Amino acid sequence: MQENLVIVESPAKAKTIEKFLGKEYTVKSSFGHIRDLSKKELGIDISNNFEPHYEIPADKKKVVGELDKLAKSAKTVWLASDEDREGEAIAWHLAQVLGLDPKTTKRIVFHEITKNAILHAVENPRSINMDLVNAQQARRVLDRLVGFELSPVLWRKVKPSLSAGRVQSVAVRLIVEREREIIAFESKDYYRVVADFEIAGANGKSGAFRAELNKRFATEQEAEAFLGKCKDARFTVLNVEQKPSKKNPPAPFTTSTLQQEAGRKLGMSVSQTMAVAQRLYEAGYITYMRTDSVNLSNQALAAAKEEITVLFGAEYSEVRNFKTKSKGAQEAHEAIRPSYMNHRTIEGGPQEKRLYELIWKRTVASQMASAQTERTVVDIAVSGAAEQFVATGEVVKFDGFLRLYSESVEDETGEGEEALLPPMKKGDEPTAQTITALQRFTQSPPRYSEASLVKRLEELGIGRPSTYAPTISTIITRGYVIKESRDGEKRGYTQLTLSKGKIARKTLTETVGKEKNKLSPTDIGMIVTDFLDAQFAAVMDYNFTASVEKEFDEIAMGEKSWPEMIRSFYDEFHSKVDEALESKPVKSSQMHELGIDPKSGKPVFVKIGRFGPVAQIGGAEGDEEKPRFASLKKGQLIATITLDEALALFDLPRKLGEFEDKEVVIGVGRFGPYARHDGKFVSLAKTDDPYTIELPRAIELIEQKRIKDKRMKEPIKIFAEEPGLQVLNGRYGPYIAFDGKNYRIPKGQEPEGLTLEACRAIIAKSKK
DNA sequence: CAGTGAGCGAGCTTCCGCTTGACTT
């Protein structure tokens, strides 16, 4: 009989802890929650104090069965789930399901996976904190009520299969509101003036530097007038100011900041980042990746200090403790950090390596000295003008953490580069080589990226580290939001240059609005947001989560009863649900007229049709002829599409001509632009434009596809001894086909290198 | 799954947070 059973949430954690605890302890994992409200029904008895009905989901039965067996035969069961609301609830559900005796069941917690922390926890067990459990039940019940009452309202009033919830609906609202700001934004132009100066140095060598005028001009005329004044002006250094400044390293990674930096520096999506981090965690390279804590264990602090001293010298080390700023943080874990500070790199795929290195650098940098810089600001007067030029320079006196890491910023403008300035003093008279007035434009706020949306949600205290990635995928799969890149448009701008006493005017072009993987709302996203906002303002409020969190905290402190808290929310909420069910359905089929089609003379409409947003020519009242339809492209909105854009949609499908006596047709389908020939589809390349592509190129694509298909069908490997066994290429990668059945090849095995014995082993193994 | 643009209307859809495999050809 096993003396002790310890139950944690994660299997990787269980493995590590088992090593620390020795032979008398078996450590198992619950794989997260083991019970939940029914999947199909509400699972809450509203008239009976919101009594929840919990079930063990089908995919948890096995784990629970195993734990039950072990618990029955153990003398002491230790519940070691995380120390937060959800962890406490997991412990309670385990105690309930496994029928554990409160007297012999011990609840233990630790924030870091170190031998000392765990031994200390084992020496200081407590019992389950029911107040904390109740706070979790309140959270769970509230989310269920909101989600399962709002969603059916949407099915009835807007469209089937839609969803709404405390987190996702607010996430969509953020994106909708940002889009509306962008639509309403009117860009204004202005002129900024930059001068390239030269100044004679002490040793006869001259130094060059750049300065910007402290005033921006509203019109070209004003800018030109100023350049005119500069023609014969004298430039005098008025003031030189030097100020030391200090830059501190950023805190170690949390889930949210890791997602942001991996997005910006490595171009990874939020879900990619989490998948790679999961692999690093399972391989033992990093600590747990779903955390809101910036805390590092003492052991980690000491290891970082040692590593920094070895790599850069003791003067680069500075031990720092960071404090969590984000709302609602529960801090059950450490920050995301390398398990071993002295492992600068790891074995693994390129993504694993890069993400690990990022985590390593960020963690180590957080324990490094501040960077010391000296900023110099020089004001330069212009004779005959009130404006002044300002040159700023920055010299790094001591690089500190910058030697290892600098945090990136989203949507950098690239303006205001800071360089080293040549020595100058008051009264010096630099000469202006060229003075340039550049037309610039004010910019609309940027669309959210996945990571910047996560950042905003975290600031609002909405969602948890484990839900950021799933929330994004939910709002995309529901069709509320799309992730899209835009090429941008060309725009001309004016440049005035004063050089050698003459002003030259030039028009240059630049690309604006180029975006990669940004989030924007769909028409349905906008309609649902407006509907919910009008009917359920309380839930859609950005502070809703924060205010219910406050109440959950009061429940956790034992100051409030959870059914009472839910009751005071629910009664008003439910009456709003009833009201909304009485309201008129949202007129999603309402048509907006864009204008007249010049070819047919008929009106052009856009509306939400059965299959989404659609443009329509004709079909006005009294028109006998059948209207023509064309679906809007991804990213086009009913609110903003122009007549020309709508008309362009009718140019597809296009017949290009014939190839091998069969028609070649270009269209745009669910998977993007395609060429259709002889009943087969070939996707166009990213560089091909469906509106301009010509027959020879389409034939090229069709022939390429044929070669590829043929290659796919050819077996990777066959064996003379066993002709029925083949290694083939399939949709999901290479696999083994044998005796009418297919077998996947385990990770880490090269399909080309498989021997017949190895294949048979794989088959035998999977048959078990 | 690569178009579709009605009128019999069944039965279905959905939340947030904790955690990982299982498994498609």
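About the cut-offs
- Residues numbered from 1 in each chain as written.
- Chains lettered and ligands numbered in written order.
- Predicted model: local features only at pLDDT ≥ 70, side-chain atom pairs only at ≥ 80, totals over all residues.
- Heavy atoms only, no water.
- Helix = DSSP H or I, 4+ residues; strand = E, 2+ residues; numbered from the N terminus.
- Buried < 20%, exposed > 50% of the residue type's maximum accessible area, 1.4 Å probe, protein only.
- Areas by Shrake-Rupley, 256 points an atom, 1.4 Å probe, with all protein chains shown as cover.
- Lys, Arg positive; Asp, Glu negative; His and termini not counted.
- Charge placed at Lys NZ, Arg CZ, Asp CG, Glu CD.
- UniProt positions renumbered as here; feature names shortened; annotations may be inferred.
- Polar contact = N/O pair within 3.5 Å; in protein donor to acceptor, adjacent residues only side chain to side chain.
- Pairing = 2+ DSSP bridges.
- Axes fitted to C-alpha atoms, helices over the stretch in contact; angles between N-to-C directions.
- Contact = heavy atoms within 4.5 Å.
- Core = buried A, V, L, I, M, F, W, Y, C linked by side-chain atoms within 4.5 Å.
- Right-handed = clockwise from strand over helix to strand, strands pointing away.
- Parallel < 35°, antiparallel > 145°, perpendicular 65-115°, else oblique.
- Left-handed = near helix turned anticlockwise from the far one by under 90°.
- Nonpolar A, V, L, I, M, F, W, Y, C, P; charged D, E, K, R; others polar.
- Near = heavy atom within 4 Å.
- Salt bridge = Lys/Arg side-chain N within 4 Å of Asp/Glu carboxyl O.
- Phe/Tyr/Trp six-rings, centres within 6.5 Å; stacked < 30°, edge-to-face > 60°.

Enquirer: Now, about the overall build of chain A: what can you tell me, with residues and values included?
Expert: When you go through chain A residue by residue, the secondary structure sums to 20 helices and 31 strands. On the principal axes, the C-alpha backbone points of chain A span a range of 95 × 80 × 75 Å. Put simply, chain A has 768 residues, and 46% of those count as buried. When the accessible surface of chain A is split by element, carbon and sulfur atoms take 49% of a total near 41100 Å². The distance from the centre of the 116 positive side-chain charges to the centre of the 112 negative ones in chain A is 3 Å.

Enquirer: How would you summarise the UniProt feature "active site" (unreviewed entry) in chain A if you had to cite specific residues and measurements?
Expert: Cross-referencing UniProt, the feature "active site" (unreviewed entry) maps to Tyr288 in the present numbering. Of note, Tyr288 is situated in the loop between helix H9 (270-282) and helix H10 (298-312). Among the polar contacts listed, one links the side chain of Tyr288 to the side chain of Arg290, at a separation of 3.1 Å.

Enquirer: I'd like a rundown of the sheet that holds strand S9 (residues 189-200), residues and numbers included.
Expert: On the basis of which strands lie adjacent, the open sheet formed by eight strands has the order S11-S12-S13-S10-S9-S14-S17-S18 and antiparallel pairing. The open sheet is flanked by strand S11 (235-247) and strand S18 (502-512), the only strands paired with a single partner. Neighbour-to-neighbour, the strand axes of this sheet turn through a mean angle of 25 degrees, independent of strand direction. Relative to strand S13 (residues 388-398), strand S10 (residues 206-213) runs antiparallel, the two sharing two bridges. Looking at the pairing, Leu213 lines up with Phe389 of S13. Against the sheet, helix H7 (residues 220-230) makes contact with S9, S10, S11, strand S12 (371-382), S13, strand S14 (431-441), strand S17 (489-499) and S18, and its axis sits at roughly 25 degrees relative to S17, the strand it touches most.

Enquirer: Lay out the side chain of Gln367 in plain terms, naming residues and giving numbers.
Expert: Tracing the backbone shows Gln367 in the loop between helix H11 (350-366) and S12. Within the structure, the side chain of Gln367 is placed 3.4 Å from the side chain of Ser366, a separation counted as a polar contact.

Enquirer: Got a sec to walk through the environment of Glu510? Specific residues and values, please.
Expert: Summarising the element assignment, Glu510 is placed in strand S18. You can call Glu510 buried: its relative accessible area is 17%. In sequence terms Glu510 and Tyr493 are 17 residues apart; their C-alpha atoms lie 7.6 Å from each other. Setting aside chain neighbours within four positions, we find Glu510 in contact with Arg440, Phe441, Glu489, Lys490, Arg491 and Tyr493.

Enquirer: A description of the nonpolar core should follow, citing residues and the corresponding values.
Expert: With 108 residues, the main nonpolar core has Leu154, Ile286, Leu355, Leu453, Leu532, Ile566 and Phe573 as its most contacted residues. At eleven residues, helix H5 (residues 130-157) tops the list of elements feeding residues into this core. With residues near it in sequence (within four places) discarded, Phe573 still touches Leu145, Val146, Glu149, Leu150, Phe536 and Val539. Counting 28 residues, the second-largest nonpolar core is a separate cluster that includes Tyr191, Val193, Leu213 and Ile435.

Enquirer: Describe the pairing of strand S1 (residues 4-8), and please don't skip the residues or the numbers.
Expert: Looking along a regular strand, one sees the side chains alternate between the two faces of the sheet. The buried fraction of S1 amounts to five of the five residues, a majority that puts the element mostly inside the structure. Neither face of S1 is open: one carries Asn4, Val6 and Val8, the other Leu5 and Ile7, and all of them are buried. The pairing of S1 with strand S7 (residues 76-79) spans four bridges and is classified as parallel. The residue bridging Asn4 from the neighbouring strand is Thr76, located in S7. Two elements, S1 and strand S2 (residues 25-29), share five bridges in a ladder whose sense is parallel. Bridge pairing in S2 places Ile7 opposite Lys28. In the classification by handedness, the crossover that spans S1, the intervening helix H1 (residues 11-21) and the parallel S2 is right-handed.

Enquirer: Explain the packing of helix H8 (residues 255-266) against H11 to me, and be specific about the residues and the numbers.
Expert: Packed helices, taken two at a time, are described by the angle between their axes plus the distance between the axes. Contact geometry for H8 and H11: axes closest at 11 Å, N-to-C directions at 120 degrees. One finds that H8 runs oblique with respect to H11. When you trace H8 past H11, the crossing you get is right-handed. Where H8 approaches H11, its residues Thr257, Leu258, Glu261, Ala262, Lys265 and Leu266 are matched on the opposing element by Arg354, Leu355, Leu358, Ile359 and Arg362. Residues of the contact of H8 with H11, tallied by class, amount to six nonpolar, one polar and four charged.

Enquirer: Which residues make up the protein's contact with DNA strand B, and what values go with them?
Expert: Residues in contact with DNA strand B amount to 58 residues; listed here are only the nearest, His33, Lys40, Ser161, Tyr288 and Tyr674. At the protein interface, 52% of the atoms of DNA strand B within 4 Å belong to sugar or phosphate. In the environment of DNA strand B, a phosphate oxygen lies 3.3 Å from a nitrogen or oxygen atom belonging to the side chain of Arg464. Residue assignment for the surface near DNA strand B shows that the elements contributing at least two residues are H5, H9, strand S22 (612-617), strand S23 (628-631), strand S26 (672-677), strand S27 (680-683) and strand S31 (741-744). When residues of the surface near DNA strand B are assigned to their parent elements, the largest contribution, nine residues, is made by H5.

Enquirer: Break down unusual backbone geometry for me, with residues and values.
Expert: Residue Phe31 is not a glycine yet carries a positive backbone phi of 55 degrees. Turning to its location among the elements, Phe31 is positioned in the loop between S2 and strand S3 (36-37). Even without glycine at this site, Ser161 takes up a positive phi of about 70 degrees. Turning to its location among the elements, Ser161 is positioned in the loop between H5 and helix H6 (168-184). The exposed category is assigned to Ser161, whose relative accessible area is 58%.

Enquirer: Report on the pattern of salt bridges, specifying residues and quantitative values.
Expert: A complete count under the given rule lists 42 salt bridges for this structure. The salt bridge partner of Glu88 is Arg107, with a shortest N-O separation of 2.8 Å. Remark: Arg107 occurs in strand S8 (residues 105-107) and Glu88 occurs in helix H3 (residues 85-97); sequence separation between them is 19 residues. With respect to burial, Glu88 and Arg107 carry one shared label: buried.

Enquirer: Account for the packing of aromatic side chains, naming residues and giving values.
Expert: Per the stated rule, a full pass over the model turns up 17 aromatic pairs. Aromatic side chains Tyr54 and Trp92 sit 6.3 Å apart centroid to centroid with 80 degrees between the ring planes, which places their arrangement in the edge-to-face category. With Tyr54 in strand S6 (residues 54-55) and Trp92 in helix H3, the pair connects residues that are 38 residues apart, well separated along the chain. Judged by relative accessible area, which is 19%, Tyr54 ranks as buried.

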